[in-house]
Structure formats: structure tokens, C-alpha cells
Amino acid sequence: MSRANKTPVRLWAVALWLLAWQGAAMLVGQDFLLAPPLTSLLRFLELARTAQFWGSALFSLARILGGFLLGLSVAALTAALSARFRRVREAIAPLILVLRAIPVASFVVVALIWMPSRNLSVLISFLIVYPLLYGAILDEIGRADPRMLEMARLFRMPRRRRLAYIYFLPALTNLEASCAAAMGVAWKSGVAAELISIPAGSIGEKLYKAKVYLMTGDLFAWTLLIVLLSALCAQLFTALMRRVRICLEGV
């Protein structure tokens, strides 16, 4: 990982940016244009006491997480095929290039022609996450030590142990950061899709209404929910990957 990714988040740095936010809000002097941190936090706590708040959270969570898991599954399968067959890798290369280049808004506009807005965030999260994880998994497969593979063949190591110790274990260790980053991108793209398509009951719909009615306190409250859900999903998935790695070590 880069040095920026390994830098810990310090409490004083968080306080510094909160003070900057507070100063900007005081400078503007209008809560409906820029709500201060405390107002936004109180609004978040107020919304958290309503069933509608948690209904919207579950609506978006299920679809964005579903898109991420679908992207991970398809990326793992196609990366394995690409590593084994050169023609497959060559056939997929243009698709990966296109998916990385096209903006989320273009995907949303085209997808709305073919599917209802309620499930759009699943597709968009999948399309954004897939090329990221495909490239990361393919790189990890390519890093397998050929000397270890040759040794495994000489000693007739069972296929499941070969896959576990030479491919899966090293890859899982290095893919934790990639999956955590992809989870954050899935939430950004999924909520952006909801904000454009405005499906009823989603977090994106709530953000849209907060923007239309200039309720910046609500806007920051829903944004805080997105940040918390994204961080929680990333932490839980990282913990799951570590658990899988421990299980593979016992194979």
C-alpha cells in the first residue's frame, strides 16, 4: 500500500477539519446553506430514531453490497480464466478498458432504459467494482512463485493444498486493501446511481430531497450514514477474509 494509505487517522487532525467546517459555517452564517457539525450530528441522531431512516439504510445496503459481492465473484472467475487462457484475457481487455473509462452518469442513463430504478444501484456497483477487482486478482495470480509451483508438482501436492498455499493465501493477504477500497467505491457509485435515478426509499432519494429543499443538516446526516455503512462493510469484509485465511491455513 502507499504511504498515504498507511497513515493513521489522528484525533487532532479530525478536530482540525471539524473546526475548519465550523469556521466555514460561521462565515456563511446561514444553516440552510452550510449546516455546522453539531447541527448535522444532532439531525443524524434525530433521524436515527425513525423507522424510515433504517429502512433507507437497509434498502441501499442490500443493493450496494449485493453489487459488490457480484462484482467480486465475477472478477474472481474471469481473472482465473484469464490467467489460464490468454485468449480470454485478450477478449476481456477491451471491456475492462471501457468500464474504467465510462463515468457513472452514463451507465445510469443507459441502464434506466432497461431496468427499474429500484435495482439500478446493484448494476452500477457491479460495473464499477468489477474492473478494479479483476485487475487486482489477476495481478495476484500472476505473482504466484513458479519455483513453488514446480516444487508442488515434484512432491505431488494435492490440488486443494496447492491452490490454498500457493494461490489463495498470498492473494488474500494482499487483496484486503484492494477489497476495502473497492467497497468504498461501490458505495460512492451506488449512492450516485440512486441520486440520479431517485428510487423510493433509498439513501439517494433522501439526499436528493435534502438538496432540493436546501436542508444541509439532513444532507450531512445522510452523508454520515453513508460513511459509517461503507466503513462498517469494509471492516466486516476484511475480518471475513482474515477468517477465511485462517481456515485455509488448516487445509
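Further up the page is the structure itself.
Okay, so let's go over this structure. Please read all numbers here as calculations on a predicted model, not as lab measurements.

The next subject is unusual backbone geometry. A positive phi angle is found at I198, which is not glycine, with a value near 55°. Its location among the elements puts I198 in the loop between α9 (159–197) and α10 (203–212). Although it is not a glycine, L214 adopts a positive phi angle of roughly 55°. Among the structural elements, L214 can be located in the loop between α10 and α11 (216–249).

The next thing to look at is helix α7 (residues 120–142). In this model α7 runs 34 Å from its N-terminal to its C-terminal C-alpha over 23 residues, within 8% of the 33 Å that 1.5 Å per residue would give. The largest bend in α7 comes to about 30°, at V129, with the proline P131 one to four residues further on. The buried fraction of α7 amounts to 17 of the 23 residues, a majority that puts the element mostly inside the structure.

In a regular helix each residue adds 1.5 Å, so 18 residues correspond to 26 Å; helix α2 (residues 11–28) covers 26 Å between its end C-alpha atoms and thus fits that length. Backbone geometry just downstream of α2 places G29 in the positive-phi region, at approximately 75°.

About the thresholds
- Residues numbered from 1 in each chain as written.
- Predicted model: local features only at pLDDT ≥ 70, side-chain atom pairs only at ≥ 80, totals over all residues.
- Heavy atoms only, no water.
- Helix = DSSP H or I, 4+ residues; strand = E, 2+ residues; numbered from the N terminus.
- Expected span 1.5 Å × (residues − 1).
- Bend = angle between axes of the 7 residues up to and from the residue.
- Buried < 20%, exposed > 50% of the residue type's maximum accessible area, 1.4 Å probe, protein only.

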